[in-house]
Every structure is written in structure tokens, then in C-alpha cells.
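Results of the structural survey
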Amino acid sequence: LILLDSLLQEMYNQSLLVLLVYLAILAPGVESDFGSWLSSTWSQAEQASRQAGSAFYRGMKDLPCLKFECCSASWRPANYTRLKQLLADNLVGQHIAQDMIVRAVRGHQRNVAPSKPLVLSFHGWTGSGKNFAAQFIADSFYKLGMSSQFVHLFIATLHFPDVRQAGRYKDQLREWISGNGSACHHNIFIFDEVDKMPPGVLDGIKPFLDHYEHIDGVDYRKNIFLFLSNTGGREITSTALDSWNRGKDRQQISVMDLEHLISAGAFNEEGGLQHSRVIEKNLVDVFLPFLPLERQHVKICVRNEFERRNVEFSEEMVEKVADEMIYWPAELKLFSTSGCKRVAQKVDLLL
């Protein structure tokens, strides 16, 4: 950048000199008041040259962004139509999540001055699609998806394995959010297995989730934070089972039926959100329930897996894979205890 500045300054001085000589030759009546003319012309030429040089400098500085990922709109398309389609095609049996995720992220990102970062907390049994949903948000927002340098994934059992180191984890996490938030105002921070995080660690990032315009001169309000957890799964499953027993259509279960149960469960159950100030201060914008998957949903996952592999299959093969899953309650065989998580492995065994 220093070399570029020197080059631009030299070009700037030379262009001014050539321009002035040219104008002095062509301009009529210059001889009568050359001093006044020179002062006025020099000022105008200097301003024009500055503007041209500034545009050239910006263009040179942005040139690497044609090849390498930058914190710019060209690398961050934020395609809500694609997000909606990805969720509809792949997030099986989750009508609440499909609807609320698109509405939440679209509303937050279209707001030129949001009051705080967007904080979504995904809850439900394993295999219900929480990781898929987080991946689809990243894939639709960034050209590089989960590989983007602005998408940050934290896995509790990998990054925060020792409860005795909770204080150190809190400091490290605060530094990581601060550093990346300073480098770019548009990040996605994903925290997986929040239920396995040492309690209190997430309180370290509470200021970055709150209603502050700036923290140490940095605006964090355009970031997205996603918490993925199994907490609240028991309450979600009980509600779904009760709905099924009463003959109520699954599609009639709403976020209002479950959000208060999930919030209470996350706050009281052991894990990263237990007694957390993030919940206490109402900094989670939406607690999203991921419903337990029924056999019909497992079969959709099986078909999708066969299609993904470009393998010919029959309904008999689909039924066979579905039969391999474990269901709850045992007497009803209603909900898959692992959702669709083990479908790919079961297809491997069949093929």
C-alpha cells in the first residue's frame, strides 16, 4: 500500500503539470492575468486529480477481492430465495423452523440499522436437522458457505471439552468474537452442542449480543449467532406426542406452543445456557423447536439419500432402511430416536 501511494502521488503530480501546460497554451486571454488564472486552474485540476486518484486507488485495493474472499457484498449474496428453497427441499418435517428461520434472517439483514445481532437458538432431538439449518444459512449468505472465513463453527466437545477451563474458554471466545467482528461486521457464529458446553462460557460473549451501537468502536449488530442444542428436546417431544394422541395435525403445532418451554428448559437444564445471562437478559431472539421425526419423515430422508448418490432404489429398499431405525415410544414406534442422522450409514449397509 505504501508503494501504491507513492506511485499514485507521482502520477498525480505529473498529470497536473501536463494539464496546466496544455491549458496555458489553449486558454485565451491568459497573458493578462496569468497569476490569478494559474491559481484557480491549479485548484480545480488538483481536485479533479484527487478524485480520479482516489477512485483508482479504491479499484486497486479491491482488485484482490476478484479472486480472494473479502468482507464485501459480492462475496455475501444473502440469497433469501435460495435459503427458503434449501430449507424446503432438505429440512424434513420442520415447518416451524422453515418459516421462522427465513423470516428472522431476512428481517434482520434487511434492516440497515438493527438494534442488536440476530441470535437464534435451535433445540430438539439429535438428527432433527439443526446442523442442516445452520449450514443452509451459511450456504445462502456466503459464496463459500461453511468454508467462508466469515463463518465460524464452535463445537463444544472439541473447543470447550474441560469444564475446569471455563474461565479460559470465556476469555478466548471473547477475543475471537472481538477480533473477527472488528475485521468484518457481517459474520455467522455457530455454536454446536451448546448443551455440552461448560456453564458460563457463553456469558463471555453477552456484550456482543446486546443492544450496543458500538463496543470499543466496533459495531457488532449485523452479525448472526446460532446456538444448537438438544436441551428442550424432552418438552418438544412430549408436546408432539400429546398432539398426535389428540389427533391434532402436526402442522398445527406453532412456535408459540413451545418457545416458553424451550426457554425454561435451556435455562434450567445442565449445559452452556444453564442460568445464562444471555437468556436472563432476553438476548435470544427466537427459540426454534425442531420436532421429532416420524417414520414418514425418515422415509423422505432415505429417498433423498438414494437420490443424492444417484442410485436406483425401490420403495421396498426405503422401507427396509426405515425398519432399521429405533423408534419411541416402543409400543407406537412413532418418533425416530436419532431422526435422520443414521440414514446414510444404514444406506451404506444396504448397498
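To start, this report covers the structure provided alongside it. (Residues numbered from 1 in each chain as written. Predicted model: local features only at pLDDT ≥ 70, side-chain atom pairs only at ≥ 80, totals over all residues. Heavy atoms only, no water.)

On to the overall build of the protein chain. A count of helical and extended segments in the protein chain gives 14 helices and seven strands. Within the protein chain, the proportion of its 351 residues that are buried is 45%. Counting every atom, the protein chain has about 18,700 Å² of accessible surface; 53% of that belongs to carbon and sulfur. (Helix = DSSP H or I, 4+ residues; strand = E, 2+ residues; numbered from the N terminus. Buried < 20%, exposed > 50% of the residue type's maximum accessible area, 1.4 Å probe, protein only. Areas by Shrake-Rupley, 256 points an atom, 1.4 Å probe, with all protein chains shown as cover.)

Here we take up the pattern of salt bridges. Within this structure, the stated rule accounts for 19 salt bridges. Taking the shortest distance from any N to any O, the salt bridge between Arg295 and Glu319 comes out at 2.8 Å. Note that Arg295 is positioned in helix 12 (residues 295–308) and Glu319 in helix 13 (residues 315–323), a separation of 24 residues in sequence. What makes Glu319 partly exposed here is its relative accessible area of 28%. The network of salt bridges with shared partners includes Arg295, Lys299, Glu319 and Asp323. (Salt bridge = Lys/Arg side-chain N within 4 Å of Asp/Glu carboxyl O.)

On to the sheet that holds strand 5 (residues 286–290). An order of 2-3-4-1-5 is seen for the five strands of this open sheet, with the pairing classed as parallel. Among the strands making up the open sheet, the edge pair consists of strand 2 (151–155) and strand 5. Going from strand to strand, the sheet's axes swing by 15° on average, the running direction of each strand aside. Of the pairings in the sheet, the one linking strand 3 (residues 188–192) to strand 4 (residues 224–229) comprises four bridges and is parallel in character. Counted as the bridge partner of Ile190 is Leu226 from strand 4. Helix-sheet contacts for helix 7 (residues 166–183) involve strand 2, strand 3 and strand 4, and the interaxial angle to strand 3 is about 155°. (Pairing = 2+ DSSP bridges. Axes fitted to C-alpha atoms, helices over the stretch in contact; angles between N-to-C directions. Contact = heavy atoms within 4.5 Å.)

On to the nonpolar core, then. Ile101, Phe122, Phe191 and Leu226 are the most contacted members of the largest nonpolar core, which has 73 residues in total. When residues of this core are assigned to their parent elements, the largest contribution, seven residues, is made by helix 4 (residues 95–110). Not counting residues up to four positions away in its chain, the partners in contact with Phe191 are Phe154, Leu173, Ile177, Leu202, Ile205, Phe225, Leu226, Phe227 and Leu228. Formed by 14 residues, the second largest nonpolar core is a distinct cluster that contains Cys301, Val302, Tyr327 and Val347. (Core = buried A, V, L, I, M, F, W, Y, C linked by side-chain atoms within 4.5 Å.)

The omega torsion of the bond from Trp328 to Pro329 falls at -10°, within 30 degrees of zero and hence cis. Within the secondary structure, Pro329 sits in the loop between strand 6 (327–328) and strand 7 (335–336). Phi angles above zero are rare outside glycine, and His275 is one such case at about 50°. Structurally, the position occupied by His275 is in the loop between helix 10 (255–268) and helix 11 (277–280).

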